[in-house]
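A structural walkthrough
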Amino acid sequence: MTSSQAEAALDTQNRPVPRPGVLDIAPYIPGKSKATGGATLHKLSSNETPLGASKQAIAAYSDLSKVLELYPDGSASALRQAIGEVYGLNSDRIICGAGSDEILSLLAYAYLGAGDEAIYCEHGFLVYDIAIRAAGATPVVAPEIELTANVDAILERVTPRTKMVFLANPNNPTGTYLPFEEVRRLHAGLPASTLLVLDAAYGEYVRRNDYESGMELAATSENVVMTRTFSKIYGLANLRLGWGFGPAHVIDALNRIRGPFNVSGPAIAVGIAAVRDTVFVEAAVAHNDIWLPWVTQQLEALGLSVTPSVGNFVLVHFPEQDGKRAVDADRYLLERGCVLRLVGNYGLPNALRMSIGTEEANRTVVDHLKAFLQA
């Protein structure tokens, strides 16, 4: 035993120790918020909407400042009712949380434990791995084809221990998606005892005829849950608000373990205003419909490879040569006030994820990358 090992062993005898597996979890690292230079900051690292929040949502937030001393509605009933009315869903089968991240974690805590397995895709959202391990279960990674989820690879990894499958559709950080017939094929191939979790955080942005977020499947199946977020198209990331829709028995289980006031009063009020402001959502979609293809085309014109995306971001691949790699581009952009997202922790060491920003931000990043590649 080395001196450092002996010291570590001594430490564990004199302080509380997390249960096995907790310290094996890689902590989630969010996108950078600050640049190292540049006169103007263009933060395109966290897939935040460039339009901010709707005026109605901001007004609702201001109104709640008058009653900060009061507890919120513990069941977020008015928010669930509003979501149900807008999407045509039974509000009793909706659960709200502090971001869709909390819903994902609650699902893992309710249905996973030691000896269980849960599957997610090769370049899937990092929170899946964290939630699975935090519940004491074992993560199983299914390889992708061309950075897209592969139904056959997922089904090949299903065993009697598989209690859950996480599928982000569209996926972050790749921006790729599965047509709904493929999602149905995945569901049909799973045991009835395996819960399929469809994470549709970016669903509002998709404009493909063969896409469906999972509402219908969750409404008609006993083992499907769909999760959504207010952080992206609604511009409420700072309030942490998300929701899930699924079978009554699943929602009942989640309600038994969630915190009694897991959604704040301001989040509830703002969420109600935001989900009803369909004009704002349409404006956000229209902005993305203009600038997603523009950014893609401009970057490809520079000789960069861009993974086709249906979300509000693009995954940009850089040459594997000294001075022109993703880390070099990231450093160059940071020095000029542009913050993108390195995705090496997603198994994509030579790529950057760029959120679709304002016209100024989009044009500025493209101009800087052109100068970077020509230098």
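Residues numbered from 1 in each chain as written. Predicted model: local features only at pLDDT ≥ 70, side-chain atom pairs only at ≥ 80, totals over all residues. Heavy atoms only, no water.

As for the nonpolar core
Where we set the bar: Put simply, buried Ala, Val, Leu, Ile, Met, Phe, Trp, Tyr and Cys residues joined by side-chain atoms within 4.5 Å make one nonpolar core. Partly exposed describes any residue whose relative accessible area lies between the buried limit of under 20% and the exposed limit of over 50%, with all areas from a 1.4 Å probe on protein chains only and scaled to the type maximum. Where helices and strands are cited, they refer to DSSP runs of H or I of at least four residues and of E of at least two residues respectively, numbered from the N terminus. Domain boundaries shown here were taken from an automatic or database domain assignment. Note on definitions: a residue-residue contact is assigned when non-hydrogen atoms from the two residues lie within 4.5 Å.
In this structure, F230 and W243 are the most contacted members of the largest nonpolar core, which totals 59 residues. No other element matches the seven residues that helix 10 (residues 265–276) contributes to this core. Here this core spans two domains, since at least three of its residues come from each of domain 1 (30–51 + 280–374) and domain 2 (55–277). Residues contacting W243, with those up to four places away along its chain left out, are I83, Y87, L89, I94, I95, C96, I103, M215, M226, T227, R228 and F230. Judged by nonpolar contacts, the second largest core, of 31 residues, contains A118, A131, A137 and L147.

Thoughts on the domain arrangement of the protein
Threshold: By convention, the term buried area covers the 1.4 Å-probe accessible surface removed from two parts as they join, with the contributions of both added. Any Lys or Arg side-chain nitrogen located within 4 Å of an Asp or Glu carboxyl oxygen qualifies as a salt bridge. Under this definition, polar contacts are N or O atom pairs within 3.5 Å; protein pairs additionally need one hydrogen-donor-capable and one acceptor-capable atom, and for neighbouring residues in sequence, both atoms have to be side-chain atoms.
Domain boundaries in the protein define domain 1 (30–51 + 280–374) and domain 2 (55–277). A C-alpha centroid distance of 26 Å is found between domain 1 and domain 2. Summed over both partners, the interface of domain 1 with domain 2 buries about 2200 Å², with 64% contributed by carbon and sulfur atoms. Considering only the surface of domain 1 that becomes buried against domain 2, F280, V310 and Y346 emerge as the three largest contributors, covering 33% of it. The interface formed by domain 1 and domain 2 includes zero salt bridges. Our count for the domain 1 to domain 2 interface comes out at seven residue pairs in polar contact (both at pLDDT 80 or more).

Digging into the sheet that holds strand 6 (residues 195–199)
Note: strands within a sheet are paired through backbone hydrogen bonds, in either parallel or antiparallel orientation. Under the convention used in this document: Paired strands, in this sense, are two strands between which DSSP finds at least two bridges. An axis is simply a line fitted to the C-alpha atoms; with a helix, the fit covers only the stretch in contact. Between two such axes, the angle follows the N-to-C directions and lies from 0 to 180 degrees.
Ordered in space as 2-8-7-6-5-3-4, the seven strands form an open sheet in which the pairing is mixed. Strand pairing shows two members of the sheet lacking a second neighbour, strand 2 (94–97) and strand 4 (138–142), which therefore form its edges. Taken pair by pair, the neighbouring strands of this sheet meet at an average axis angle of 20 degrees, ignoring direction. Pairing analysis gives four bridges linking strand 7 (residues 224–229) to strand 8 (residues 242–245), with the strands arranged antiparallel. Opposite M226, over in strand 8, you have F245 as the bridge partner. Strands in contact with helix 3 (residues 77–87) are strand 2, strand 7 and strand 8; relative to strand 2, the strand with the most contacts, it is inclined by about 125 degrees.

A short note on the packing of helix 2 (residues 55–64) against helix 10
Here is the rule we go by: Here the word oblique covers every angle except those under 35 degrees (roughly parallel), over 145 (roughly antiparallel) and from 65 to 115 (roughly perpendicular). Handedness of a crossing follows from how the near helix is turned relative to the far one, being left-handed for an anticlockwise turn of less than a right angle and right-handed for a clockwise one. Gly falls in the polar group here, along with every residue not listed as nonpolar (Ala, Val, Leu, Ile, Met, Phe, Trp, Tyr, Cys, Pro) or charged (Asp, Glu, Lys, Arg).
Remark: helix 2 packs on helix 10, axes separated minimally by 8 Å, with the N-to-C direction vectors making an angle of 155 degrees. By the angle class used here, helix 2 and helix 10 are roughly antiparallel. Note on packing geometry: the crossing formed by helix 2 with helix 10 is right-handed. On helix 10, the residues that touch Q56, A57, A60, Y61 and L64 of helix 2 are G265, P266, A269, V270, A273 and A274. Taken together, the residues that form the contact of helix 2 with helix 10 break down as nine nonpolar, two polar and no charged.

Looking at the UniProt feature "domain: Aminotransferase class I/classII large" (unreviewed entry) in the protein
What counts here: UniProt positions are given in the numbering used here, feature names are shortened, and annotations may be inferred rather than shown by experiment.
In this numbering, the UniProt entry assigns the feature "domain: Aminotransferase class I/classII large" (unreviewed entry) to residues 43–369. Secondary structure over residues 43–369 splits into 40% helix and 18% strand, and the C-alpha atoms at its two ends are 15 Å apart.

Considering the packing of aromatic side chains
Remark: the centre distance and the inter-plane angle together describe each pair of aromatic rings, the angle taken between the planes. Operational definition: Between rings of Phe, Tyr and Trp, where Trp is taken as its six-membered ring, a pair exists when centres lie within 6.5 Å; planes separated by under 30 degrees are stacked, by over 60 edge-to-face, and by other angles tilted. Here, a charge over a ring is recorded when the distance from Lys NZ or Arg CZ to the ring centre is within 6 Å and its angle to the ring normal is within 35 degrees.
Inspection of every chain in the model, using the stated rule, returns 12 aromatic pairs. When the ring of F318 is compared with that of F372, the centres are 6.5 Å apart and the planes differ by 70 degrees; the resulting orientation is edge-to-face. Here F318 is found in the loop between strand 10 (313–317) and helix 12 (326–334), whereas its partner F372 is found in helix 13 (residues 359–374), with 54 residues between them in sequence. Here the two residues F318 and F372 agree in accessibility, since each one is buried. Aromatic ring contacts, followed pair by pair, group Y28, Y120, F125, Y128 and F166 into a single cluster. K324 extends its terminal NZ or CZ atom over the ring of F372, reaching a point 5.0 Å from the ring centre. Note that R336 overlies the ring of Y332, its terminal NZ or CZ placed 3.5 Å from the centroid.

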